[in-house]
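This is what each chain is made of:
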Amino acid sequence: MKRLAICLAFLLLSTQILAAETFINTVGSDDKTAISGFDTVAFFTEKKAILGKPEFEYSYRSAKWRFSSKENLKLFQENPEKFMPQWGGQCAWAVSESGGISSKKLSSSFEIIDGKLYLFAFGNRAASSARDSFLYGRWSASNRILDGDKNWPELKRKLEEGIVVQPNSSNYTKTRFE
């Protein structure tokens, strides 16, 4: 009986942990393609946003992920959590600011901090005011990350329930490197 109770508790806890991280940004996609079809591995390996190709597609966490090469697809399959964008791919500045979302035009900036991918929205095409505020604003990036981690569960719940949406939240067609 004790073993059964332990197994049930473990199953409940692991289900809650998995549910806590299931939201993936598929805004603007009719077919549940994550982050507008951009190759999440390329942010790490190429240091820029590259569109994935339909022939290198992989389903993970109820979303379709596209990759620019077979090699990137393989890297993702081997360790998908390593390449997942933080906070479901929502604008990192907006999540950290107040748990809100950005409805402004995307600047398509991103940053990798301590091995984690943060995506940014709004600003102008030349530079991301969201990224700059996140990295160099009056609060340090580490404080922004702590705030975002605190704000994310409630925002994720609202996004999953359709209470709020972030329009065009993952259209990374230009990068700060171009």
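What counts and what doesn't
- Along each chain, numbering runs from 1 in the same order as the chain's sequence is written.
- Where local features are concerned, this predicted model is filtered to residues with pLDDT of at least 70; where side-chain atom pairs are given and counted, the filter is 80 or more; whole-chain, interface and lining totals use all residues.
- Computation of side-chain values covers all heavy atoms of the structure but excludes hydrogens and water.
- Helical segments are the DSSP runs of H or I of at least four residues, strand segments are the runs of E of at least two, and each set is numbered from the N terminus.
- Note on classification: 1.4 Å probe, protein chains only; a residue is buried when its accessible area is under 20% of the maximum for its type, exposed when over 50%, partly exposed between these limits.
- Residue contacts follow a heavy-atom distance rule, with two residues in contact if any of their heavy atoms lie within 4.5 Å.
- Using the Shrake-Rupley algorithm and a 1.4 Å probe, accessible areas are obtained, with residue cover drawn only from the displayed protein chains.
- Buried Ala, Val, Leu, Ile, Met, Phe, Trp, Tyr and Cys residues form a nonpolar core when they are joined through side-chain atoms within 4.5 Å.
- Two aromatic rings, drawn from Phe, Tyr or Trp (for Trp, its six-membered ring), form a pair once their centres lie within 6.5 Å of each other, and the interplanar angle then sorts them: stacked below 30 degrees, edge-to-face above 60, tilted otherwise.
- Convention adopted: a line fitted to C-alpha atoms gives each axis, helices being fitted over their contacting stretch, and angles between N-to-C directions are expressed from 0 to 180 degrees.
- Note that the term roughly parallel is reserved for angles under 35 degrees, roughly antiparallel for angles over 145, roughly perpendicular for angles of 65 to 115, and oblique for everything else.
- pLDDT is a per-residue confidence score from the predictor, ranging from 0 to 100.
- Salt bridges are identified by distance alone: a Lys or Arg side-chain nitrogen within 4 Å of an Asp or Glu carboxyl oxygen.

(A) Just the overall build of the protein chain, in detail. Of the regular secondary structure elements, the protein chain holds seven helices and four strands. Starting at the N terminus and walking to the C terminus, you meet the elements of the protein chain as α-α-β-β-α-α-α-β-β-α-α. The buried share of the protein chain, taken over its 178 residues, is 42%. At a minimum sequence separation of 6, the contacts of the protein chain that also span at least 24 residues come to 59%. Taken as a whole, the protein chain presents about 10,000 Å² of accessible surface, with 55% of it coming from carbon and sulfur.

(B) How the structure looks around the nonpolar core. In terms of nonpolar packing, the biggest core is built from 19 residues, with Phe43, Trp65, Phe67 and Phe76 touching the most fellow members. Of all the secondary-structure elements, those providing two or more residues to this core are α2 (40-45), β2 (63-67), α3 (70-78) and β4 (116-119). With near-sequence residues (within four places) excluded, Trp65 lies in contact with Ile24, Ala34, Ile35, Thr40, Phe56, Glu57, Tyr58, Tyr60, Phe76, Met84 and Pro85. Residues Ala94, Ile113, Ala130 and Leu155 belong to the second largest nonpolar core, which totals 17 residues.

(C) Examining the environment of Pro80 more closely. Looking at where Pro80 falls in the secondary structure, it is placed in helix α4 (residues 80-83). Expressed as a C-alpha distance, the spacing of Pro80 and Val41, which sit 39 residues apart in the sequence, is 9.1 Å.

(D) Quick look at the packing of aromatic side chains. Applying the stated rule across the entire model yields nine aromatic pairs. Considering the side-chain rings of Tyr118 and Phe134, the 5.8 Å spacing of their centres and the 35° angle between planes classify their relative orientation as tilted. Taken together, the positions of Tyr118 in strand β4 and Phe134 in helix α6 (residues 129-136) put the pair 16 residues apart, joining distant regions of the chain. Neither residue differs from the other here; Tyr118 and Phe134 are each classed as buried. Consider the rings of Phe120 and Phe134, whose centres lie 5.2 Å apart with planes at 65°: the pair is edge-to-face. Of this pair, Phe120 sits in the loop between β4 and α6 while Phe134 sits in helix α6, placing them 14 residues apart in sequence.

(E) Representation of the packing of α6 against helix α7 (residues 141-160). Where α6 meets α7, the closest approach of the two axes is 6 Å, and the angle between their N-to-C directions is 105°. Classed by the angle they form, the pair α6 and α7 counts as roughly perpendicular. In this structure, α6 uses Ser133, Phe134 and Leu135 to contact α7, whose residues at the interface are Ala141, Arg144 and Ile145.

(F) Region of the structure containing the confidence of the model for the protein chain. Considering every residue of the protein chain, the mean pLDDT works out to 76; 67% of them sit at 70 or more. Looking over the protein chain, one finds the lowest element-wise mean pLDDT in helix α1 (residues 2-20), namely 42, and the highest in α3, namely 98. Note on residues 4-20: pLDDT is under 50 here. Beyond four places in sequence and across chains, it has three contacts.

(G) Local environment of the environment of Thr45. Relative to the helices and strands, Thr45 is located in helix α2. Relative accessible area serves as the criterion here: at 41%, Thr45 is assigned to the partly exposed category. Separated by 27 residues in sequence, Thr45 and Asn72 place their C-alpha atoms 8.6 Å apart. With near-sequence residues (within four places) excluded, Thr45 lies in contact with Asn72 and Leu75.

(H) Representation of the pattern of salt bridges within the structure. Under the defined criterion, the tally for this structure stands at nine salt bridges. Across the salt bridge formed by Arg61 and Glu81, the nearest N and O atoms sit 2.7 Å from each other. With Arg61 in the loop between β1 (53-60) and β2 and Glu81 in helix α4, the pair connects residues that are 20 residues apart, well separated along the chain. Judged by its relative accessible area of 21%, Arg61 falls in the partly exposed class. On the basis of relative accessibility, which here comes to 41%, the residue Glu81 falls in the partly exposed class. Across the pair Glu154 and Arg157 runs a salt bridge, and its minimum N-O distance is 2.5 Å.

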